[in-house]
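Observations on chain architecture
Read off the chains here:
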Amino acid sequence: MTRFSTRLFLATLLCGAALALPAAAKPFKWANDLDTTTMDPYARNVTFNFSFNGQVYEGLTRRDKNLKLEPSLATEWKLVKPDTWRYTLRRGVKFHDGSPFNADDVVFSYQRATGPGTNMQGYFGTVKEVVKVDDFTVDIVTKIPDPILPDTLNYWFMMSKAWAAKNNVTRIADLSKNEENYAVLNANGTGPFILKSRQPDVKTVMVNNPDWWDKKIEHNLTEVTYERLQSAQTRVAALLSGSTDMIYSVPTQDVDRLKGTKGLKVFETPETRTVYLDLDQAKDELVGSDVKGKNPFKDIRVRKAMSMAMDRDAIVARVMEGMAAKSTQMMPEGFGGFDPNYEGVKYDIDGAKKLLTEAGYPDGFHMTIHCSNNRYLNDGKTCQAAGQMLSRIGLKMKVETMPVNVFFPKIAAPKSEFSLILMGWGNSSTGTASGFLAAILHSYDPAKRMGHANRAYFSDPAYDAMAEDALVEVDPAKREQKMRAAIRYATETYVTIPLHTLYTALATRKGLRVETRKDEMTIAMAVHPE
């Protein structure tokens, strides 16, 4: 079975765990190795942020366990014109400060999410404007027909216009510039939990929202406490000692041990995230390279050689200890854009060396690979393995890893400080290749709100035209074929080098059962009492 990606809509998963606890349940505690970098829902396009903040904030829609869109703050949506989606808003919803939710908040949320400091622009690439029709109706007008727009907006959470004005947060704090404002540490949403206290990288406490609109989900939870335990050993010890009810993720080396521990349960789930290498094709010279006056990554032979050097089977078996599935294409199996007939590049050291020689580098060259060491499962180890594999074809590799809060600001588009990086893409918002086509591969184009995550700085007019055509195709079958063609084009250009899709494992104390999902948005009731 293919393992898809998740930094699960984990807080939602855990809120789901809490929602499902027995009547006599005590406050629920869980621990993870990450923490959200901000409570502002628009400042970082990072899955764990969406996961965490999704306990407090909600979008117009959400997905059920079968990945079907269902109502959230909107009760229905429909095309009223080829370029206009009309959303009917839920009545009677209140923000945590008691103020009512209405169309003014939706319009404001769009303006803020596409304004200065945002990291969400890619979700609104086709949107021209959001128009208030009445207090509980809005029209989302697109520049061109966008048949899959509702599928792309799951991570667009609604904010209170009045609260933002009151607290001087109508503008997003630009984290890439180390800006801060009230919304970084505080929140005011409509979701099932209210932020009680926040200690970044230490502990966050959320309490039950008694006025939550979704009365179909019953619970008597009073409080959920999250602790960041970056050390894998400390995290496991906390579960074994009973000081926490759940940990995510379980270190790969501890999965079997915890499976055999009485009183604990381990739940493995396929994720949607593909881990891959990004190769900077824009800089005139590579960072940390001894090749001067040119960029070797601009030569497709070099990029292909690097892909051929990746022993994906070894990475899965030795580095990931089976908690991944190898991948030669960016879309996970079962997702839109995945091509079951595409085999991809094969591991071939001799072939890779031959390509480097043809490209003019028979003795290789010096370069540095930069990676996070606490963002994805075993990302630091994967980085080291990738560096070693590239050294086998003659590249003189230096490996540098760093915490994610240091790493991400250094790779922010449109300018990165690095040339070769390890990244992951969750593929979870739409269940199709649309986000990947628009955000990762499309030329960086702020006017079109595309390419905001294009850290390879790949720019190809032919590809851009293919992607844009696929994204507006109305016929689902034709759209799928066009998406596959665009991804195939980029894959065979070796814009990125996919390595594997992740599995994840979480562990709970005895008495809890987890419903796992294939996407990254585990919506409520994901954990139940046995």
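Right, let's walk through the structure included here.

Calculation criteria
- Residues numbered from 1 in each chain as written.
- Predicted model: local features only at pLDDT ≥ 70, side-chain atom pairs only at ≥ 80, totals over all residues.
- Heavy atoms only, no water.
- Core = buried A, V, L, I, M, F, W, Y, C linked by side-chain atoms within 4.5 Å.
- Buried < 20%, exposed > 50% of the residue type's maximum accessible area, 1.4 Å probe, protein only.
- Contact = heavy atoms within 4.5 Å.
- Helix = DSSP H or I, 4+ residues; strand = E, 2+ residues; numbered from the N terminus.
- Polar contact = N/O pair within 3.5 Å; in protein donor to acceptor, adjacent residues only side chain to side chain.
- Axes fitted to C-alpha atoms, helices over the stretch in contact; angles between N-to-C directions.
- Left-handed = near helix turned anticlockwise from the far one by under 90°.
- Nonpolar A, V, L, I, M, F, W, Y, C, P; charged D, E, K, R; others polar.
- Pairing = 2+ DSSP bridges.
- Salt bridge = Lys/Arg side-chain N within 4 Å of Asp/Glu carboxyl O.
- Phe/Tyr/Trp six-rings, centres within 6.5 Å; stacked < 30°, edge-to-face > 60°.
- Right-handed = clockwise from strand over helix to strand, strands pointing away.

Here we look at the nonpolar core
A general feature of soluble globular proteins is that nonpolar side chains tend to end up buried together. With 157 residues, the main nonpolar core has Leu60, Trp156, Met306, Leu420 and Leu437 as its most contacted residues. Apart from residues lying up to four places away in sequence, Trp156 is in contact with Tyr42, Glu58, Gly59, Leu60, Val106, Ser109, Tyr110, Ala113, Met120, Phe124 and Ile140.

Concerning helix H3 (residues 103-113)
In terms of burial, H3 is a largely internal element, nine of the eleven residues being buried. For H3, every residue scored as buried is listed here: Ala103, Asp105, Val106, Val107, Phe108, Ser109, Tyr110, Arg112 and Ala113. In this fold, the buried residues of H3 make contact with strand E5 (84-89), strand E6 (127-134), strand E7 (137-142), helix H5 (161-166) and helix H6 (182-185).

Observations concerning the environment of Asn167
Among the structural elements, Asn167 can be located in the loop between H5 and H6. Using a relative accessible area of 19% as the deciding quantity, one classes Asn167 as buried. Sequence separation of Asn167 and Leu79 is 88 residues, and the distance between their C-alpha atoms is 36 Å. Within the structure, Asn167 has its side chain in polar contact with the backbone oxygen of Trp163 (distance 2.9 Å).

Here's the deal with the packing of helix H14 (residues 434-441) against helix H16 (residues 476-491)
Across the interface, H14 lies against H16 with an axial gap of 10 Å and an inter-helix angle of 35 degrees. Our pair here, H14 against H16, has a crossing hand that is left-handed. Packed against H14, whose contacting residues are Ser434, Phe436, Leu437 and Leu441, the element H16 presents Met483, Ala486, Ile487 and Ala490 at the interface. Residues of the contact of H14 with H16, tallied by class, amount to seven nonpolar, one polar and no charged.

Some remarks on the side chain of Ser99
Structurally, Ser99 is set in the loop between E5 and H3. Reaching out from Ser99, the side chain makes a polar contact with the side chain of Asp97 at a distance of 2.7 Å. Other than its neighbours up to four places away in sequence, Ser99 contacts Val93, Lys94 and Ser160.

Some thoughts on the sheet that holds E6
As summarised here, the arrangement of the four strands in space is E4-E5-E7-E6, forming an open sheet in which the pairing is antiparallel. The strands lining the two open edges of the sheet, one partner per strand, are strand E4 (74-81) and E6. Across this sheet, the average inter-strand angle for adjacent strands is 20 degrees, counted without regard to direction. Direction of pairing for E5 relative to E7: antiparallel, over a ladder of five bridges. Bridging from a neighbouring strand, Tyr87 pairs with Val138 of E7. Docked against the sheet, H3 engages E5, E6 and E7, running at close to 170 degrees with respect to E6.

Describing the environment of Leu395
Mapped onto the elements, Leu395 comes out in the loop between helix H12 (379-391) and strand E15 (396-402). Remark: the alpha-carbon pair of Leu395 and His366, spanning 29 residues in sequence, is separated by 6.0 Å. Not counting residues up to four positions away in its chain, the partners in contact with Leu395 are Met306, Leu356, Gly364, Phe365, Met367 and Leu390.

Some points on unusual backbone geometry
The residue after Tyr248, namely Ser249, is reached through a cis peptide bond having omega -5 degrees. Residue Asn168 is not a glycine yet carries a positive backbone phi of 60 degrees. Phi is positive for Tyr457, which is not a glycine, with a value near 55 degrees. With respect to the helices and strands, the residue Tyr457 is situated in the loop between H14 and helix H15 (461-471).

Re the pattern of salt bridges
On inspection of all chains with the given rule, the structure shows 27 salt bridges. Taking the shortest distance from any N to any O, the salt bridge between Glu70 and Arg62 comes out at 2.8 Å. The salt bridge involving Asp139 is made with Arg86; its shortest N-O contact spans 2.7 Å. Of this pair, Asp139 sits in strand E7 while Arg86 sits in strand E5; the two residues are 53 residues apart in sequence, bridging distant segments of the chain. Under the relative-accessibility criterion, Arg86 is labelled partly exposed at 28%.

What to know about the environment of Thr274
Relative to the helices and strands, Thr274 resides in strand E12 (residues 264-279). Overall, Thr274 belongs to the buried group, its relative accessible area being 0%. For Thr274, the side chain forms a polar contact with the main-chain oxygen of Met330, separated by 2.7 Å.

Here's the deal with the packing of aromatic side chains
Within the structure shown, the criterion is met by 19 aromatic pairs. Centre to centre, the rings of Phe124 and Trp156 are 5.3 Å apart; their planes meet at 90 degrees, and the pair counts as edge-to-face. Of this pair, Phe124 sits in the loop between H3 and E6 while Trp156 sits in the loop between helix H4 (149-152) and H5, and the two are 32 residues apart along the sequence. Each member of the pair, Phe124 as well as Trp156, carries the same accessibility label: buried. Among the aromatic residues, those joined into a ring-pair cluster are Trp30, Phe48, Phe52 and Tyr226.

Some words on the pairing of E7
Burial of E7 is extensive: six of the six residues sit out of reach of the surface. Side-chain alternation along E7 places Thr137, Asp139 and Val141 on one buried face and Val138, Ile140 and Thr142 on a second face that is also buried. Taken together, E6 and the strand that follows it, E7, pair antiparallel across an intervening segment of two residues.

A closer look at the pairing of strand E14 (residues 366-372)
Within E14, six of the seven residues are buried, which leaves it mostly tucked inside the rest of the structure. One ladder, built from seven bridges, connects E14 with E15; its direction is parallel. Directly across from Cys371, in E15, lies its bridge partner Thr401. Viewed along the sheet, the connection from E14 through H12 into E15 turns out right-handed.

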